[in-house]
Amino acid sequence: MLFSTLTSLGNALVTDNLQWLESRWQVEQICLQALVTAVISNLALVLAVQRIGSTLASVLGATEPLTAVLVGILVFEEASTLTVWCGVALVCLSVAVVMLGPQWLRRSPAPDGGAQS
């Protein structure tokens, strides 16, 4: 998180695109937004783990990037480009590899010892 913050700050300074908060109301809104989203997210995760178990909760949590893209496209009218969908495919593939990785590693070798003819 620190790396992301410093990278964003550096980008804002280099591109001269830094906008300072000008009122106490803006600062309160930013803090409230950060606090509420963090509390809701963590509370939902804890409740999900308690109700459906950690394995299923992690599987459902892994779909969050896809959900974010779909909400961005359908609700906020963001562009649906090939790059976006390639990114979604890479995220889904990496989630599948991470989740299926242990099963692939435990596969037993072929009956002939795995030798190729």
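Residues numbered from 1 in each chain as written. Predicted model: local features only at pLDDT ≥ 70, side-chain atom pairs only at ≥ 80, totals over all residues. Heavy atoms only, no water.

Caption draft 1: Focus on the overall build of the chain. For the chain, the count of helices and strands is five helices and zero strands. Start at the N end of the chain and walk to the C end: the helices and strands fall as α-α-α-α-α. Here the chain, with 117 residues, has 6% of them falling under the buried criterion. (Helix = DSSP H or I, 4+ residues; strand = E, 2+ residues; numbered from the N terminus. Buried < 20%, exposed > 50% of the residue type's maximum accessible area, 1.4 Å probe, protein only.)

Caption draft 2: Fine view of the layout of surface pockets. Counted as a void, the largest pocket has a volume near 250 Å³. Those elements that place two or more of their residues in the lining of the largest pocket are helix H2 (24–52) and helix H3 (54–61). Among the elements that make up the lining of the largest pocket, the one with the highest residue count is H2 (five residues). (1 Å grid on protein atoms, 1.4 Å probe; cavity = no way out; pocket = protein on both sides within 12 Å on 5 of 7 lines; lining within 4 Å. Points joined across faces, edges and corners; volume = space filled by probe spheres on them.)

Caption draft 3: Just a nonpolar patch on the surface, in detail. Together, Leu2, Leu6, Leu9, Leu13, Leu18 and Trp20 make up a nonpolar patch on the protein surface, roughly 670 Å² of accessible area in all. With respect to the element layout, Leu2 can be found in helix H1 (residues 2–14). Exposure remark for Leu2: the relative accessible area of 63% places this residue in the exposed category. (Patch = residues over 30% accessible without salt bridge, like charges linked within 9 Å, V, L, I, M, F, W, Y side chains within 5 Å. Areas by Shrake-Rupley, 256 points an atom, 1.4 Å probe, with all protein chains shown as cover. Salt bridge = Lys/Arg side-chain N within 4 Å of Asp/Glu carboxyl O.)

Caption draft 4: Examining unusual backbone geometry more closely. Positive phi outside glycine occurs at Asp16, with the angle close to 55°. Checked against the element boundaries, Asp16 lands in the loop between H1 and H2. Residue class for Asp16 comes out exposed when judged on its relative accessible area of 70%.

Caption draft 5: Expanded view of H1. When the terminal C-alpha atoms of H1 are compared, their 18 Å separation across 13 residues agrees well with the 18 Å that a helix rising 1.5 Å per residue should span. Phi turns positive, to about 55°, at Asp16, one or two residues after H1. (Expected span 1.5 Å × (residues − 1).)

Caption draft 6: Geometry of the environment of Gly87. Structurally, Gly87 can be placed in helix H5 (residues 82–105). Once the C-alpha coordinates of Gly87 and Val69 are considered, the two residues, 18 residues apart in sequence, prove to be 9.9 Å apart.

Caption draft 7: Quick peek at the environment of Val69. Within the element layout of this structure, Val69 appears in helix H4 (residues 64–74). It is 8.0 Å that separates the C-alpha atoms of Val69 and Val84, two residues lying 15 residues apart in sequence. Apart from residues no more than four positions distant in its own chain, Val69 is found in contact with Val84, Trp85 and Val88. (Contact = heavy atoms within 4.5 Å.)

Caption draft 8: Examining the packing of H2 against H3 more closely. Axis separation between H2 and H3 bottoms out at 7 Å; the angle between their running directions is 135°. Considering the angle they form, H2 stands oblique to H3. Here Ala48, Val49 and Ile52 of H2 lie close against H3, whose contacting residues are Ser54, Leu56, Ala57 and Leu60. When the residues that make up the contact of H2 with H3 are grouped by side-chain class, the tally is six nonpolar, one polar and no charged. (Axes fitted to C-alpha atoms, helices over the stretch in contact; angles between N-to-C directions. Parallel < 35°, antiparallel > 145°, perpendicular 65-115°, else oblique. Nonpolar A, V, L, I, M, F, W, Y, C, P; charged D, E, K, R; others polar.)

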